Amino acid sequence: MRRKREVTYTYTPDSKTKISKNLNENIEIIKTILKDCDDVVFREFEVGGDDKIRMFLFYVDGMADKLLLDEFVLMPLMISSREVPPSFDEIKSKLFEVTKDNAMAVTDFKEVDIIEDLIMEVLSGDTGLLIDYTEKALLIATKAFPTRSVAEPSAETVIRGPRDGFTETIRINTALIRRRVRDPRFKIKQTRLGVRSKTDIAIMYIDDIVDKRVLDELNRRLDKINIDAIIDSGYLQQLIEERAFSIFPQVQTTERPDVVAAAIYEGRIGILVDNSPFALIIPVTMNAFFQSGEDYYSRPVISSFVRFIRLLAGGLSILSPALYIAITSFHPQIIPAKLALSIAATREGVPFPAFIEAILMEITFELLREAGVRLPRPIGSTIGIVGGLVIGQAAVSAGIVSPIMVIVVAITAISSFSITNYELATALRLLRFIFMIAASIYGLYGIVLAYIGTLIYTVNIKSFGTPFLAPMAPFYFEDMQDAEFKLPLRYMKRRPMHFDPNDLIRQGDEDGSQ
Amino acid sequence: MVPNDDKISTFQLGLIIYLTPIGVGIFTLPAVLAKDVETNGWISLILGGLFCMLIIYFISDVGKKYSNLGLVETLKFLFGKVLGTILAFPVFIYYIVFTAMEIRIFGETTKMYLLFKTPLEYIMIPILILAMILTRNGIESIARFFEAAFFLIAFTLFLVILIYLPKSDYSNLLPILRVEPLKLIKSVSDSLFSLSGFEVLFLLFPFIRRPEKALRSSLIAISFITILYVVVFIQCIARFGVDYTSTLLYPTLSLIKSSDIPGAFIEGIEGLLFSLWIVLIFTTIVMLIFAYSIVGSNLIKQKEIKHTVILFLPMIYVISLIPDSIAETFEFTDKLVIFLGYYTIIALPILMFIASKIKGARG
């Protein structure tokens, strides 16, 4: 019997312990580190006809594929090896190689020689196998944990276009992208972030299209992150954004793999975070927020029209209550006299100034909207009925608001729901209140001041070096092919210039040259 | 990724040269010209535009040679340290007073057409603060703001011209050339000063990415402004006739006010157009503030333009409140034009052009 040595070991995140030749010592260290982790399964067993070889296997219950371990790892090692037993002395020198190459029927192995690294991988679902007399350990890919299947994304629905959406598992998500980009130059770089959570992050780009400066900038920002855990891609988004307090998102989020793939083909970078069905895309512009994947699949004239409608919706959702306030309380001469009179007549019984009236209604609308999102589905319809009563006839007949105000709130609501990007829609929601306040102080002049202020604010935003208002400001004539209007696909021969891709040509000429 | 070098592209330069001169001038110009040269205002405008192009040629010729120096440094280089500083000082005063007057006229006009009861100070302060914020962000942000604002403005201008074209009596434009040549030449200076603001080109040279292309884009910008002014003038005369136009304070606004679009939802369209005009004048104010802060920071040797903007802003506010009425403001502006304007816009570029030629011949 080998002499048992006393192991003194304390775990720190940076410690690197080499695997020693003494299996008992290794087991002791692993069990010290994983003390009180009751979901980890340890299995010590003996192999070979003469039972001289001891092995040690450990995995996290529920994250590793038990069936695979039983049938393709333990079965050949423990049972088959007894039938044709190589004698211990014969293979002593190359024990590890024999086990790895001849004994097990598993596709994916990794060799590890640091105990902490091994444990790290085991905690992400793989299985560690230690062999006596060997300074290396085998890592068997056994990841199999409960996952949600690929389903249609609930936030970004389309009528024309693919119906698959990201899931919470990074492997499935990368596969969804890889299916759309079968180019060896398409890279999926994986790293781990979060000191404790060790969340998998995948950075995806096409090597010869992507702007290397953006990639470097992204890596620099990722390197700076020193946080305990990345729970969702929202964490990462906030950590890599330029402006923490900005109301406009500087990173695009999407649940749709086709959107990510299209962005990657434009020379942008997609980022996937494990446990999050939302992929991040950088850089992003205001223009991209007004686009939907569907625009590219349907007829160009119609998608141009739809984009115009969306822009109009954006404008209306910010402006309509502010205009109502400005016109009724400052400039009734702007609208036709008859309309001005009829508005004044309906407002006669209303005890509040236009600003209070508008704020009341808009806040009620925001409350309803928030309640509608949080409510469980079965009672969700109740809110609709209650809301219809509050923002509707009841409020008017109670004399709190004028009927015109109800119309204004309705227009605001419809417009803000027609904006494709949820995060932009919420930003515009906030802007709406700023415009309302400005209009209540200065009327139309206030609206213009607020507009100038918003423009100053947005022209200064950059998303990874790309100005937020590109291709409008700075102006790129070539990129107007895919901005407010969309040219037919056959005329969109170049990638958008404002993302500065390395390779501009998207479509070659007819003779086949690219 | 756009290079973060605080430089502007050729298109952005053209846009700055286009949007800076269009300010309060566009409202008063038809009345001034109708008073002086009656129906021949458009000839005066075209001559003014051509003269302006000549000056732009001078400026860009000098600017290209010393593209990394800027106005004050170029003056110091050409005329020596002391004389150069003395020559640059009136330019600084010109911009300070010009900014102040622009803001005052803006405030008065806004009060007259949009906010009848709001005190003047409350109208002027927010736009000054916004202009200060934008200017402090540097030329790159300013250029991007101009681009973002431009599309809205261009679209509206196009719409307005379309609306007003069919409703006018163009025989009002006759007879032409029945005015003394001397009077016509005198009025060219009015036309030239309606373009004032183009001379910021001189200050922008250190910020231009490709200085060799500056001349072309500035010339295009000036010709577009000239066309716009000519169209506005012709429309005013065609609608009101010479006599009535010359009595109006803001003939352009009256023009917009005078007709309503049949069947439109909006009746008093001038309120909405006026709001857009605020964006236009904002671009002018921003560029003027930028101009004085560059000249100022060169004069007091302050490297950060950001600080110079704030340093002189209270002064501008106080100067803008000196005139008692809008008439007095216009009088004040005219005096400014005679002394500082002629110097900055005409004398200085020619002087520098000659000096640079002599220097070039010697070296």
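Residues numbered from 1 in each chain as written. Chains lettered and ligands numbered in written order. Predicted model: local features only at pLDDT ≥ 70, side-chain atom pairs only at ≥ 80, totals over all residues.

### Section: the overall build of chain B
- Within chain B, the regular secondary structure consists of 14 helices and 0 strands.
- Along chain B, helices (α) and strands (β) appear in the sequence α-α-α-α-α-α-α-α-α-α-α-α-α-α when read from the amino end.
- Whereas a compact globule of 363 residues would reach a radius of gyration of roughly 21 Å, chain B reaches 20 Å, a difference of no more than 12%.
- Dimensions of chain B along its principal axes, counting C-alpha atoms only, are 65 × 45 × 45 Å.
- Out of the 363 residues belonging to chain B, those deemed buried represent 48%.
- Put simply, of all contacts in chain B between residues at least 6 apart along the chain, 83% involve residues at least 24 apart. (Helix = DSSP H or I, 4+ residues; strand = E, 2+ residues; numbered from the N terminus. Rg over C-alpha atoms; globule rule 2.2 N^0.38 Å. Buried ≥ 20, exposed ≤ 12 C-beta atoms within 10 Å, placed from the backbone. Contact = placed C-beta atoms within 7 Å.)

### Examining the environment of Ile269(A)
Residues and elements named next belong to chain A.
- Along the chain, isoleucine 269 falls in strand E9 (residues 269-273).
- Classification of isoleucine 269 as buried rests on a count of 24 C-beta atoms within 10 Å.
- In the structure, isoleucine 269 is positioned 51 residues away from leucine 218 in sequence and 9.2 Å away in space, judged by C-alpha atoms.
- Leaving out residues up to four positions away in the same chain, isoleucine 269 has contacts with Ile203, Met204, Tyr205, Val210, Val214, Leu215, Leu218 and Ile282.

### With respect to the domain arrangement of chain A
- One can read the domain layout of chain A as domain 1 (23-140), domain 2 (170-284) and domain 3 (298-467).
- Taking the mean C-alpha position of each, domain 1 of chain A and domain 3 of chain A sit 64 Å from one another. (Domains from an automatic or database assignment.)

### A short note on the nonpolar core
- Phe435(A), Ile447(A), Tyr95(B), Ala291(B) and Val295(B) are the most contacted members of the largest nonpolar core, which totals 201 residues.
- Composition of this core by domain shows at least three residues from each of domain 2 (170-284) and domain 3 (298-467) of chain A.
- For Val295(B), the residues in contact, after removing those within four places along its chain, are Leu71(B), Val72(B), Ala88(B), Val91(B), Phe92(B), Tyr95(B) and Leu203(B).
- Formed by 26 residues, the second largest nonpolar core is a distinct cluster that contains Ile19(A), Phe56(A), Ala137(A) and Ile140(A). (Core = buried A, V, L, I, M, F, W, Y, C linked by C-beta atoms within 7 Å.)

### Digging into the interface of chain A and chain B
- Chain A puts 32 residues into the contact, and the matching count from chain B is 31 residues.
- Contributions of two or more residues to the side of chain A that touches chain B are made by helix H7 (212-224), helix H19 (444-460) and strand E12 (466-467) of chain A.
- The leading source of residues in the side of chain A that touches chain B is H19(A), at 11 residues.
- Across the side of chain A that touches chain B, the residue classes tally to 22 nonpolar, 7 polar and 3 charged. (Nonpolar A, V, L, I, M, F, W, Y, C, P; charged D, E, K, R; others polar.)

### A closer look at the packing of helix H12 (residues 300-329) of chain A against helix H17 (residues 403-417) of chain A
Residue and element names in this part refer to chain A.
- Interaxial distance between H12 and H17 falls to 8 Å at its minimum, and their mutual angle equals 160°. Regarding the angle of H12 to H17, the classification is roughly antiparallel. In the packing of H12 onto H17, the handedness of the crossing is left-handed. Where H12 abuts H17, its residues Ala313, Leu316, Ser317, Ser320, Pro321 and Tyr324 lie against Met405, Val408, Ile411, Thr412, Ser415 and Ser416.
- Looking at the contact of H12 with H17, its residues break down into 7 nonpolar, 5 polar and no charged. (Axes fitted to C-alpha atoms, helices over the stretch in contact; angles between N-to-C directions. Parallel < 35°, antiparallel > 145°, perpendicular 65-115°, else oblique. Left-handed = near helix turned anticlockwise from the far one by under 90°.)

### Observations concerning the packing of helix H3 (residues 41-65) of chain B against helix H10 (residues 214-247) of chain B
Residue and element names in this part refer to chain B.
- At a closest axis distance of 10 Å, the pairing of H3 and H10 adopts a crossing angle of 165°. As far as their axial angle goes, H10 and H3 are roughly antiparallel. As H3 packs across H10, the resulting crossing turns out to be right-handed. Note on element contacts: H10 touches H3 through Ala214, Leu215, Ser218, Leu219, Ile222, Ser223, Thr226, Tyr229, Val230, Phe233 and Ile234, opposite Gly41, Trp42, Leu45, Ile46, Gly49, Cys52, Met53, Ile56, Tyr57, Ser60 and Gly63.
- For the contact of H3 with H10, the class distribution of residues is 15 nonpolar, 7 polar and no charged.

### With respect to unusual backbone geometry
Residues and elements named next belong to chain A.
- The peptide bond linking alanine 470 to proline 471 adopts the cis configuration, its omega dihedral lying at 5°.
- Tracing the sequence through the fold places proline 471 in the segment after E12.
- A cis amide bond, omega 0°, links alanine 473 with the succeeding residue proline 474.
- Its place among the elements puts proline 474 in the segment after E12.
- Positive phi values are uncommon outside glycine, yet tyrosine 133 reaches one of about 65°.
- By secondary structure assignment, the location of tyrosine 133 is in the loop between strand E4 (127-131) and strand E5 (137-140).
- Owing to 14 C-beta atoms within 10 Å, tyrosine 133 belongs among the partly exposed residues under this scheme.
- In this model, asparagine 275 sits at a positive phi of 70°, which is unusual for a non-glycine residue.
- Relative to the helices and strands, asparagine 275 resides in the loop between E9 and strand E10 (279-282).

### Here we look at the environment of Arg268(A)
Residues and elements named next belong to chain A.
- You can see arginine 268 is positioned in the loop between helix H9 (257-265) and E9.
- What makes arginine 268 buried here is the crowd of 28 C-beta atoms within 10 Å.
- Separated by 13 residues in sequence, arginine 268 and isoleucine 281 place their C-alpha atoms 7.0 Å apart.
- Contacts of arginine 268, omitting those with residues within four sequence positions, involve Ala263, Ile281, Ile282, Pro283 and Phe499.

### Some thoughts on the UniProt feature "transmembrane region" (unreviewed entry) in chain A
- The feature "transmembrane region" (unreviewed entry), as annotated in UniProt, sits at residues 308-330, 389-414 and 434-459 of chain A in this numbering.
- For residues 434-459 of chain A, helix accounts for 96% and strand for 0%, while the C-alpha atoms at its two ends are 18 Å apart. (UniProt positions renumbered as here; feature names shortened; annotations may be inferred.)

### Quick look at the pairing of strand E7 (residues 199-206) of chain A
All names here are of chain A.
- Across the 8 residues that make up E7, a large majority, 8, are buried.
- Both faces of E7 are covered, namely the face carrying Thr199, Ile201, Ile203 and Tyr205 and the face carrying Asp200, Ala202, Met204 and Ile206.
- The pairing of strand E6 (residues 186-193) with E7 spans 8 bridges and is antiparallel. Residue pairing in the sheet places lysine 189 in a bridge with isoleucine 203 of E7.
- The turn joining E6 and E7, which pair antiparallel and follow one another in sequence, is formed by 5 residues; a positive phi near 95° is taken by glycine 194.
- Here E7 pairs with E9 via 4 bridges, running antiparallel. Paired with methionine 204 across the two strands is glycine 270, which belongs to E9. (Pairing = 2+ DSSP bridges.)

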